[in-house]
Amino acid sequence: MELVKLRGQDSYTQFKPWIDKFRDSLYIPNVPDPNEREPFEVIEARLQKGGEWWPRTDMLMYVSGDSVACGCITDYYPECQSIEVIYLVTDKDYREQGLAKKILDETSDLYPDALDMYVEADNPALVSVDSSPIDPDTRLGIYRKLGFSVINIKYI
């Protein structure tokens, strides 16, 4: 298993085939509703700019053979020293192996001055099981297992 780090134009060009595999094998199948996922072209534009973009967008992937086993896209906000996990997806054949935890640890290492890491997730009380590829309660359980806490935030 190899860790691939995408940080800026040079790594974007080098790892473009892996980015495409992540998009096709993990991103689109696991976020099937186009209204809930960001257009991948926008993510790619942010990845290419790296530190020249605000917030800084980076991507880490664990690859095995010709498969992407796990991928994580993050935004870093230097003003509040916070990492937002935008997308964290593990291929079903590689789940229960600790890859999500490892990739979050690697992500944290990218930002040594970060004070916190957070993820936005659906509230199971407001989202039906049928509208999500993973049951919202299961998703929250996974995030809790990874060390995240639930904070109820009401949007304006």
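Heads up: these notes are all about the structure in this document. (Residues numbered from 1 in each chain as written. Predicted model: local features only at pLDDT ≥ 70, side-chain atom pairs only at ≥ 80, totals over all residues. Heavy atoms only, no water.)

## Some points on the nonpolar core
- Grouped together as the largest cluster of nonpolar side chains are 20 residues, with contacts concentrated most on Phe22 and Met61.
- Residue assignment for this core shows that the elements contributing at least two residues are β1 (2-6), α2 (16-30), α3 (40-49), β2 (56-64), β3 (67-77) and β4 (82-90).
- Dropping the residues within four chain positions of it, Met61 is found in contact with Glu2, Leu3, Val4, Leu6, Trp18, Ile19, Phe22, Val68, Cys70, Gly71 and Ile103.
- Counting residues in each nonpolar core, the second largest holds 19 residues, with Ile83, Val85, Tyr111 and Phe148 among its members. (Core = buried A, V, L, I, M, F, W, Y, C linked by side-chain atoms within 4.5 Å. Buried < 20%, exposed > 50% of the residue type's maximum accessible area, 1.4 Å probe, protein only. Helix = DSSP H or I, 4+ residues; strand = E, 2+ residues; numbered from the N terminus. Contact = heavy atoms within 4.5 Å.)

## Considerations on the sheet that holds β1
- Sheet architecture is open: five strands sit in the order β1-β2-β3-β4-β5, paired in mixed fashion. Two strands in the sheet have a free side with no partner beyond their single neighbour: β1 and β5 (116-119). Direction aside, neighbouring strands of the sheet carry axes that sit 25° apart on average.
- One ladder, built from four bridges, connects β4 with β5; its direction is parallel. Counterpart to Glu84 in the pairing with β5 is Tyr118.
- The strands that α3 touches are β2, β3 and β4; relative to β2, the one it contacts most, it runs at about 105°.
- Along the sheet, helix α4 (residues 99-110) makes contact with β1, β2, β3, β4 and β5, crossing β2 at roughly 140°. (Pairing = 2+ DSSP bridges. Axes fitted to C-alpha atoms, helices over the stretch in contact; angles between N-to-C directions.)

## Thoughts on the side chain of Ser82
- Here Ser82 is to be found in strand β4.
- According to the relative accessible area criterion, Ser82 is buried, its value standing at 5%.
- A polar contact is formed between the side chain of Ser82 and the backbone oxygen of Cys80, at a distance of 3.2 Å.
- Among the polar contacts listed, one links the side chain of Ser82 to the side chain of Asp116, at a separation of 2.5 Å.
- The residues touching Ser82, leaving out its near neighbours within four places in the chain, are Asp75, Tyr76, Tyr77, Asp116 and Tyr118. (Polar contact = N/O pair within 3.5 Å; in protein donor to acceptor, adjacent residues only side chain to side chain.)

## As for the environment of Leu115
- Residue position: Leu115 is located in the loop between α4 and β5.
- For the pair Leu115 and Cys80, spaced 35 residues apart in sequence, the C-alpha to C-alpha distance is 7.9 Å.
- If we skip the residues at most four places from it in the chain, Leu115 touches Cys80 and Gln81.

## Focus on unusual backbone geometry
- Phi at Gln81 takes a positive value of approximately 50°, unusual for a residue other than glycine.
- Its location among the elements puts Gln81 in the loop between β3 and β4.

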